[in-house]
Amino acid sequence: MSVDRLAQFQAAYRNLDLLPLIEPRELERFWVPYGEEAIAELQQLVEDDYTLSGKTIFSGHRGCGKSTLLAEFGRRCRDSNFFVVLFSIADLFESSDVTHTNILYSIAVNLVAEAAKNEVTLSKSLTEPLFKWSAKRSRTETDTPISAGVSAGFDFKFIKGILKTESTVRDEIKQEFEPKISDLVNRLNILVAQIEANAKKKVLVIIDDLDKLDLGDVDKIFKNHIKALFQPAFRIIYTIPIASLRDAVLQSTLVSETNDQIVKMPVSKLFAKGDRRLPDAAPIDEMMQPLCEILQKRISAELLPPEIATRITLYSGGVLRELVRLVNICCRICLRQVRRGQDTVIDETVLAQAVKEIRLDFETTLSKADYETLRITYERFTPDDPKAQNFLDLLHGLDVLEYRNDQAWYDLHPIVIDLMQLKGLIPDSP
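Keep in mind the model is a prediction, meaning the values are calculated, not measured.

Looking at this structure, I do not really get the packing of aromatic side chains. What am I missing?
In this description, a pair of aromatic rings is defined by centroid distance and the angle of the planes. If you walk through the whole model with that rule in mind, you get seven aromatic pairs. Look at Trp31 and Tyr34: their rings are 5.3 Å apart centre to centre, the planes differ by 40 degrees, and that puts the pair in the tilted class. When sorted by exposure, Trp31 lands in the same class as Tyr34, which is buried. Here the aromatic rings of Phe391 and Tyr410 are separated by 5.2 Å at their centres, their planes lie at 90 degrees, and the arrangement is edge-to-face. Of this pair, Phe391 sits in helix α19 (residues 389–396) while Tyr410 sits in strand β7 (residues 408–412), and the two are 19 residues apart along the sequence. Comparing Phe391 with Tyr410, the two get one shared label, buried. Among the aromatic residues, ring-to-ring pairing joins Phe222, Phe230 and Tyr238 into one connected group. The ring of Tyr378 has Arg277 lying over it, and the distance from NZ or CZ to the ring centre is 3.8 Å. A cation over a ring is seen here: Arg298 above Phe30, with NZ or CZ 5.1 Å from the ring centre.

Rendered as structure tokens:
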């Protein structure tokens, strides 16, 4: 076994695992400019918000790079003298437990955590009631570790762990705050007022990973509780799945409540509409370049030759997560081979094996009706019914990708195209 080659692939594997880029040092090392139009749209809506309390919806395919882009946007907003609170809802609650109450409560937790991190003083009479709710239920303050955590000062890691692991605590939050959401919102507004007065900065809250919720949960939360979520009197950016915007009622509600402040982050369009079907089709260089550069920053050309990097980029369909996912699998295959004594690199054989693994992942989830929807979408660049639930599920699962010119159009994930061709459901590529 080559120790050097093993170390090279292990380093690349670690680098590929850094997605999304959240920490400043990660952004500095691996950030590649992309999505600048989306950043510009978000910046305009935030900085030109004369109400100081605007709500913005940020949407896009899962894995298209929203989290990394939001982290970069948050960094720029801090440089513009905003007090930025950026967090993932998944860090506090399992997706099945996310409700409008928990979203608002998570804002409170992260406001206090960010204030503590930046040494911004907050009134104990305001913060302590947020974290002593468990003492009001079946446990006493002397028995509960939460009261110890609070009395010793705000312990974000402790509280986050409790919220994530103890269902009884999540139930207590619901019982404590859901019947009086307006009181929770009022407490949020006072928290923000104190932070802004003491930090001399305007607060911006960015909630990531709401787009990873099931479509039904997103629909329920934002349709039924939009007023509560938009009640806080400060700027908030919410993320939602792109498929949710296919619901006419929900989209109409969001347009109305946000004053049309909806920013959509498109998938990188590697080919013009229909060009992928043509013999010797050439991808769009300006779309390919950032994705290839992302790979170059994370894995050396010695391990990943440029021509294979290009093939991997094309297989990604322009989706950042799929790009990294594919190279990640390639690295795992190579690590196994190196440990068997092979001095390997990512070549056509390794790539073919990685593509096969992902193709099988797609195949295991598809039904007969799904295949028919995929076939029609492939042939027409649009489904029969773009609001049909199985199409929305395929869009949410990245089997289908949405692209934009003057109009939205759709194509299949390149590996799904491979699958459909293997099954004889669509013609082989020229």
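Continuing now.
Mind showing me how you'd approach the packing of helix α5 (residues 100–117) against helix α10 (residues 181–199) here?
Helix-helix packing: each pair is described by the crossing angle between the helix axes and the interaxial distance. Relative to each other, α5 and α10 sit at 20 degrees, their axes nearing to 10 Å. By the angle between their axes, α5 is roughly parallel relative to α10. Handedness of the crossing formed by α5 with α10: left-handed. For the pair formed by α5 and α10, the contact residues are His100, Thr101, Leu104, Tyr105, Ile107, Ala108, Leu111, Val112 and Ala115 on the first element and Ile181, Leu184, Val185, Leu188, Leu191, Val192 and Ile195 on the second. When its residues are assigned to classes, the contact of α5 with α10 shows 14 nonpolar, two polar and no charged.

What exactly am I supposed to notice about the pairing of strand β1 (residues 55–60) here?
On a regular strand, each side chain points to the face opposite its neighbour's, so the side chains alternate between the two faces of the sheet. With six of six residues buried, β1 is to be regarded as a mostly interior element. Alternating residues of β1 divide into Lys55, Ile57 and Ser59 and Thr56, Phe58 and Gly60, and every residue in both groups is buried. Two elements, β1 and strand β4 (residues 235–241), share six bridges in a ladder whose sense is parallel. Bridged to Thr56 within β4 is Ile237.

Quick notes on the rules
- Residues numbered from 1 in each chain as written.
- Predicted model: local features only at pLDDT ≥ 70, side-chain atom pairs only at ≥ 80, totals over all residues.
- Heavy atoms only, no water.
- Phe/Tyr/Trp six-rings, centres within 6.5 Å; stacked < 30°, edge-to-face > 60°.
- Buried < 20%, exposed > 50% of the residue type's maximum accessible area, 1.4 Å probe, protein only.
- Helix = DSSP H or I, 4+ residues; strand = E, 2+ residues; numbered from the N terminus.
- Lys NZ or Arg CZ within 6 Å of the ring centre and 35° of its normal.
- Axes fitted to C-alpha atoms, helices over the stretch in contact; angles between N-to-C directions.
- Parallel < 35°, antiparallel > 145°, perpendicular 65-115°, else oblique.
- Left-handed = near helix turned anticlockwise from the far one by under 90°.
- Contact = heavy atoms within 4.5 Å.
- Nonpolar A, V, L, I, M, F, W, Y, C, P; charged D, E, K, R; others polar.
- Pairing = 2+ DSSP bridges.

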